[in-house]
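Below, each chain spelled out in residue letters.
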Amino acid sequence: MVWSERQRAMLEVMGLRVWSAPAAAEPDAAAATGVDEAVPSVAPARSPAREDESVSMAPARDNVSMPAPVVSRRPTPAAQPTAVPVAAPGAVNAAGLDWPALREAVASCTACALSDSRTQTVFGTGHPHAHWMIVGEAPGEAEDLSGEPFVGRSGQLLDNMLRAIGLSRHAGDTPDPAKQVFIANTLKCRPPRNRNPLPDELARCEGFLIRQIELVRPKIILAMGSFAVQSLLRSSAPVGQLRGRVHRYQGVPLIVTYHPAYLLRQQTEKARAWDDLCLALDTVEAAGSIAARG
Ligand code: URA
C-alpha cells in the first residue's frame, strides 16, 4: 500500500502510525490497511457495521472483536435517497432570517430550559458560505464559556483532522470557501453536566440549524455523532450502520461519521473516521467535476 502525503498526514494527526508492509507480506488484508499495531489488531476489511455509538456520550466499549477499519479510498457510493426533513413540531421558527437576525435570535432564545443554565449560546463558527459544514451535538463546558463550538479536546482532534485535508474553520486561514468549514451544533446551549440532548430540546433548536444550513448552502455536510444524525436524517440507527454511504439533506450530500469525543475514547475507530473524511472528499470532488463538465 502506497500512501499519499495527504493520507499519511491524516493518519498521523488521527494518531495512527503508518508503515509500509514488505511487498511479500501483502496478501494479509489487515496489513493492506497500512495501519500498524498501534491500533489493536483488526479483522479483514469492511465486515458488517457493528452496533456502536447509539448515543455519543455512551461509555467506551470493549473493542477486542471489532471489524477492521478500512482506510483505503474507494469509489464513491451512490447517494442514498433520504426524506427531506422538515422542522419538528415546536421548532423555533427561523425561516427567512439573515445571518445577523439569526445570530440575534439564537442569542436571545428562551425556547427551552437550557436557556436558564447556559452561560451563553454557541451559535457556530466559520465562513458563511463554506463548502463544508460540520454538525456536532451540543456545547460542552468549554464551549459554554467561550461561545465557540468544539474548543475542547474533541475540538482539537477535529481541527487536526480538518487540517490534514486542507480545511479550516478560520476564515483568516484562506479566503477560499472550498477550504472552509462552518461548524454548528444541533443544540446552541449546553445541557447541564453535559448530559445528552433531550428530544424536546433537539426539536425546538432545530429551526436554527435548518436556517444555518440554508444560509451556508454547503456542498457537503458531515453529521458527527448520533444526535446530529437524529436531527438531520431523522434516524435513530447507530452511526456505524449509517456511515460509509452518501445520504442527502435538502439535496446536499451528507456523510455520517463518529463524534470526535467518541474517537477520543475509541481510538480504533479513528481509521473509520478517516475513511469517512475520504468519502466526503471524494463526494465533493466528484460533484465538482460533474459541475465543471456542465
Ligand atoms: N461536542 C459537540 O458536539 N459540540 C461542541 O461544540 C463541543 C463538543
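Procedures and definitions
Residues numbered from 1 in each chain as written. Predicted model: local features only at pLDDT ≥ 70, side-chain atom pairs only at ≥ 80, totals over all residues. Heavy atoms only, no water. Near = heavy atom within 4 Å. Polar contact = N/O pair within 3.5 Å; in protein donor to acceptor, adjacent residues only side chain to side chain. Areas by Shrake-Rupley, 256 points an atom, 1.4 Å probe, with all protein chains shown as cover. 1 Å grid on protein atoms, 1.4 Å probe; cavity = no way out; pocket = protein on both sides within 12 Å on 5 of 7 lines; lining within 4 Å. Sits in = over half its atoms within 2 Å of the grid points. Points joined across faces, edges and corners; volume = space filled by probe spheres on them. Helix = DSSP H or I, 4+ residues; strand = E, 2+ residues; numbered from the N terminus. Nonpolar A, V, L, I, M, F, W, Y, C, P; charged D, E, K, R; others polar. Buried < 20%, exposed > 50% of the residue type's maximum accessible area, 1.4 Å probe, protein only. Contact = heavy atoms within 4.5 Å. Salt bridge = Lys/Arg side-chain N within 4 Å of Asp/Glu carboxyl O. Phe/Tyr/Trp six-rings, centres within 6.5 Å; stacked < 30°, edge-to-face > 60°. Pairing = 2+ DSSP bridges.

**Student:** Even after reading the chapter, I still don't get the site of the ligand, so can you show me in this structure?
**Tutor:** For the ligand, the full set of nearby residues is G136, E137, A138, E143, P149, F150, S154, N185 and H259. Within the backbone of F150, an N or O atom sits 2.9 Å from an oxygen atom of the ligand. At 2.8 Å, a side-chain N or O of N185 approaches a nitrogen atom of the ligand. When isolated, the ligand has an accessible area of 230 Å², and the protein chains bury 92% of it. Assessed atom by atom at 2 Å from the grid points, the ligand resides in the largest pocket.

**Student:** I'm lost on the layout of surface pockets in this one. Help?
**Tutor:** In this approach, a probe sized like a water molecule rolls over the atoms, and the result shows the empty space that is left. As a volume, the largest pocket reaches approximately 320 Å³. Along the walls of the largest pocket sit 18 residues, with A138, P139, G140, E143 and S154 positioned nearest its centre. Elements represented by at least two residues in the lining of the largest pocket include exactly α5 (141-146) and α6 (153-164). Residue composition of the lining of the largest pocket, grouped by class: seven nonpolar, six polar and five charged.

**Student:** What's the story with empty space enclosed by the protein in this structure? I'm lost.
**Tutor:** Counting across every chain of the model gives one cavity of 30 Å³ or more. Looking at the largest cavity, its volume works out to about 110 Å³. Considering the residues around the largest cavity, the lining is formed by 16 residues, among which C109, C112, K188, C189 and C205 are closest to the centre. For the lining of the largest cavity, the secondary structure elements donating two or more residues are α4 (114-117) and α7 (199-216). When residues of the lining of the largest cavity are assigned to their parent elements, the largest contribution, four residues, is made by α7. Split into classes, the residues belonging to the lining of the largest cavity amount to 10 nonpolar, two polar and four charged.

**Student:** What's the story with the side chain of T257 in this structure? I'm lost.
**Tutor:** In this fold, T257 is placed in strand β5 (residues 252-257). By relative accessible area, which is 4% here, T257 ends up buried. A distance of 2.6 Å separates the side chain of T257 from the side chain of D276, its partner in a polar contact. Not counting residues within four places of it along the chain, the set of residues in contact with T257 comprises L222, A223, M224, G225, V239, A273 and D276.

**Student:** Please explain the pattern of salt bridges as it appears in this structure.
**Tutor:** Opposite charge on two side chains allows them to pair when their charged atoms are near. Going through the model one piece at a time under the given rule, you end up with seven salt bridges. A salt bridge links R169 to D159; the shortest N-O distance between them is 3.0 Å. With R169 in the loop between α6 and β2 (181-185) and D159 in helix α6, the pair connects residues that are 10 residues apart, well separated along the chain. Judged by relative accessible area, which is 6%, R169 ranks as buried.

**Student:** Help me understand the packing of aromatic side chains, please; the structure alone is not making it clear to me.
**Tutor:** If you walk through the whole model with that rule in mind, you get three aromatic pairs. Ring centres 5.4 Å apart and planes at 35 degrees place the aromatic pair W99 and F182 in the tilted group. You can see W99 sitting in helix α3 (residues 99-107) and its partner F182 sitting in strand β2, a full 83 residues away along the chain. The two residues W99 and F182 agree in class, both being buried.

**Student:** Explain the pairing of β2 to me, please; I cannot follow it from the model alone.
**Tutor:** Consecutive residues of a regular strand have side chains that alternate between opposite faces of the sheet. Of all five residues in β2, five are buried; the element is thus mostly enclosed. Residue alternation in β2 divides its side chains into two sets, V181, I183 and N185 and F182 and A184, and both sets are buried. Two strands pair when backbone bridges link them, and strand β1 (residues 132-136) and β2 are joined in this way by five bridges, in the parallel orientation. Bridging across to β2, W132 finds its partner in V181.

**Student:** I'm lost on unusual backbone geometry in this one. Help?
**Tutor:** Glycine aside, residues mostly have negative phi angles, and peptide bonds mostly take the trans form. The backbone of F150 sits at a positive phi, close to 50 degrees, despite the residue not being glycine. Position of F150 among the secondary structure elements: in the loop between α5 and α6. Look at F150 and you get buried, because its relative accessible area is 5%. The backbone of R193 shows a phi angle near 50 degrees, a positive value even though the residue is not glycine.

**Student:** For this particular structure, what's the right way to read the pairing of strand β4 (residues 246-249)?
**Tutor:** Bridge count for β4 against β5 is four bridges, and the pairing is antiparallel. Residue pairing for β5: V246 is matched across the bridge by I255. Between β4 and β5, which pair antiparallel in sequence order, lie two residues; one of them, Q250, sits at a positive phi of approximately 50 degrees.

**Student:** Please clarify how the environment of A261 should be interpreted in this entry.
**Tutor:** Note on placement: A261 falls in helix α10 (residues 260-265). Sequence separation between A261 and L157 is 104 residues, and the spatial gap between their C-alpha atoms is 8.6 Å.

On their own, these measurements won't tell you what the molecule is for.
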